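# Analysis of the macromolecular model
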Amino acid sequence: SAGIWAGNLLLTFRDRFDNQDTFNNRISSQYLSAYLQDEWRPSDKWRINAGLRLNTFSEGEYIRLEPRLSTEYRPTDRIRLQAAYGRYYQYLTLITNEAFSGFDLWLTTDDGVPPAFGDQFVLGAKTVPFTGYGFDAEVYYRTMRDLFELDPFINDAAGLDYDELFRFGEGYAYGVELFFEKQRGPLSGFIGYTFGVTRRKFPGFNTPILDDPTRARFYPPKYDRTHDVNITTSLRLSDRWSTNAVFSYATGQAYTQPLGRTEISGIPWDNDPRDIFTIGNVNASRLPSYHRLDLAFSRTGTFFGIGEAEWQFQIINVYSRRNVWFYNFDFDENPIERQEVNLLPIIPSVSYTVNF
């Protein structure tokens, strides 16, 4: 089999201050991907799939090849053993603040800013332990190279070339994913659990004082979640009524904690005292764990014979868990005060949908 995929990506960035444009830019990128793959079945129990994907990206005129290989072995009708390898390139990078996600934006590769890439290895098993049930297990490992993001240590970006705005690093990720599902009957649903570790580092970043400035230590990015649990259940009450519940749990987001403040006064060239802040290792602390329960009831019917209709009554965050979005630190107080910025409490909603 073979395929092709092409398109145009347009990114528009605009910044305004005091009703005046301070930054306005548009990035237009053309991309094209083509793939060729072959499936080989040497026997009823074996299936081998090999392929090659070609990617091109106009910003930087990059051309990359991505090999893929997957195998599947079926010792019985209820067990499938799988192994896979693939190389993946990413021509976009998310520019984000490690402490706050409100102003994330995407930037692309260009001359001197090559695409990030990684090799991913997966081993898994898909089983049917009982009729109507499924249990999947998977382990993975992924490398990350040529990670690029804006260099936070650049004081003035005016006059710099695009490639001089970035720093480049590396990373890795590994984990285990478990998935148990009930597929039949009036009561259905699944339980999914992931244990995952993600780390990255950049040269000269997150280094101890008086250490080699070219060294760096791996740190967890803010999207790292050691434990992630999702439980979903659905119950058919009648021909028209059904209900479902969704529970989510995740390890708290990593963040960098301020440890202290020192005030320096009597500076010869400055009459005002200056504050020097001491912080811990990058993202060495964690916000409280995130968890939430959502409930919904739905009733299906018709809308005056015109089309299908559905009432849905939903309660988001049933027990009104005030999950912490991020911490805000007031450095004007001594000692420094930490304030929680919380996500939304319980939210009831009613909706009516008509399809025709």
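### Focus on the overall build of the protein
Scanning the protein from terminus to terminus reveals zero helices and 22 strands. Rg of the C-alpha trace for the protein: 26 Å, well past the compact-globule value of 21 Å for 356 residues, more than 25% over. Reported as C-alpha extents along the three principal axes, the dimensions of the protein are approximately 80 × 50 × 40 Å. Across the 356 residues in the protein, those meeting the buried criterion constitute 25%. For the protein, long-range pairs separated by at least 24 residues make up 55% of all intrachain contacts whose partners lie at least 6 apart in sequence. Approximately 22,700 Å² of the protein is accessible, and the part contributed by carbon and sulfur atoms is 55%.

### Section: the pairing of strand S19 (residues 307-316)
Sheet analysis places strand S18 (residues 290-303) next to S19, joined by nine bridges and oriented antiparallel. When the sheet's bridge partners are listed, Leu295 is paired in S19 with Ile315. Taking the residues that link successive antiparallel strands as the turn, the S18-S19 hairpin has three residues, and the phi of Phe304 there is positive, at about 50 degrees. Sheet analysis places S19 next to strand S22 (residues 347-355), joined by nine bridges and oriented antiparallel. Residue pairing for S22: Ile316 is matched across the bridge by Ile347.

### Some words on the packing of aromatic side chains
Aromatic ring pairs: the centre-centre distance and the angle between the two ring planes describe each pair. As enumerated under the stated definition, the model contains 20 aromatic pairs in all. Put simply, the rings of Trp241, Phe303, Phe304, Trp311, Phe313 and Tyr352 touch in pairs and so form one group of aromatic residues. Its end group placed over the ring of Phe202, Arg167 keeps NZ or CZ at 4.4 Å from the ring centre. Of note, Arg338 hangs over the ring of Tyr327, and the distance from its end group to the ring centre comes to 4.0 Å.

### With respect to the environment of Glu263
Tracing the sequence through the fold places Glu263 in strand S15 (residues 258-264). Separated by 69 residues in the primary sequence, Glu263 and Asp332 have C-alpha atoms spaced 12 Å apart. If near-sequence neighbours (up to four positions away) are discounted, Glu263 is found in contact with Pro273, Arg274 and Asp275.

### Considering unusual backbone geometry
Residues other than glycine seldom take positive phi values, yet Asn317 does so here, at roughly 60 degrees. Turning to its location among the elements, Asn317 is positioned in the loop between S19 and strand S20 (324-330). A relative accessible area of 2% places Asn317 in the buried class. Although it is not a glycine, Ser320 adopts a positive phi angle of roughly 50 degrees. For Ser320, the location among the structural elements is in the loop between S19 and S20.

### Some words on the nonpolar core
The biggest cluster of nonpolar side chains holds 15 residues, and the ones touching the most others in it are Phe13, Ile27, Leu107, Leu147, Phe148 and Phe166. For this core, the secondary-structure elements that each account for two or more residues are strand S1 (2-17), strand S9 (133-150) and strand S10 (166-182). Looking at this core, the element that brings in the most residues is S9, giving three residues. Apart from the residues lying within four places of it in its own chain, the contact partners of Leu147 are Ala116, Arg167, Phe168, Gly169, Glu170, Gly171, Arg200 and Phe202.

What counts and how
Throughout, residues of each chain are indexed from 1 in the direction in which the sequence is written. At least 70 in pLDDT is required for a residue's local features to be given in this predicted model, at least 80 for side-chain atom pairs to be given and counted, and no such filter applies to totals for whole chains, interfaces and linings, which use all residues. To obtain the side-chain values, all non-hydrogen atoms of the structure were included, while hydrogens and water were left out. In this text, helices come from DSSP runs of H or I with a minimum length of four residues, and strands from runs of E with a minimum of two, each type numbered from the N-terminal end. With the radius of gyration taken over C-alpha atoms, the globule rule is written as 2.2 Å times the number of residues to the power 0.38. Whether a residue is buried, partly exposed or exposed follows from its accessible area with a 1.4 Å probe, protein chains only, as a fraction of its type maximum: under 20%, in between, or over 50%, in that order. We call two residues in contact whenever any of their non-hydrogen atoms come within 4.5 Å of each other. For the accessible areas, the method is Shrake-Rupley and the probe is 1.4 Å, while residue cover comes only from the protein chains on display. DSSP-based pairing: two strands are paired if at least 2 bridges between them are found. Stacked, edge-to-face and tilted are the three classes for Phe, Tyr and Trp ring pairs, Trp counted by its six-membered ring, which pair at centre distances within 6.5 Å; planes under 30 degrees apart are stacked, over 60 edge-to-face, the rest tilted. Note on geometry: a ring has a charge over it if NZ (lysine) or CZ (arginine) is within 6 Å of the ring centre and within 35 degrees of the ring normal. Here, nonpolar core refers to any group of buried Ala, Val, Leu, Ile, Met, Phe, Trp, Tyr and Cys residues whose side-chain atoms link them within 4.5 Å.

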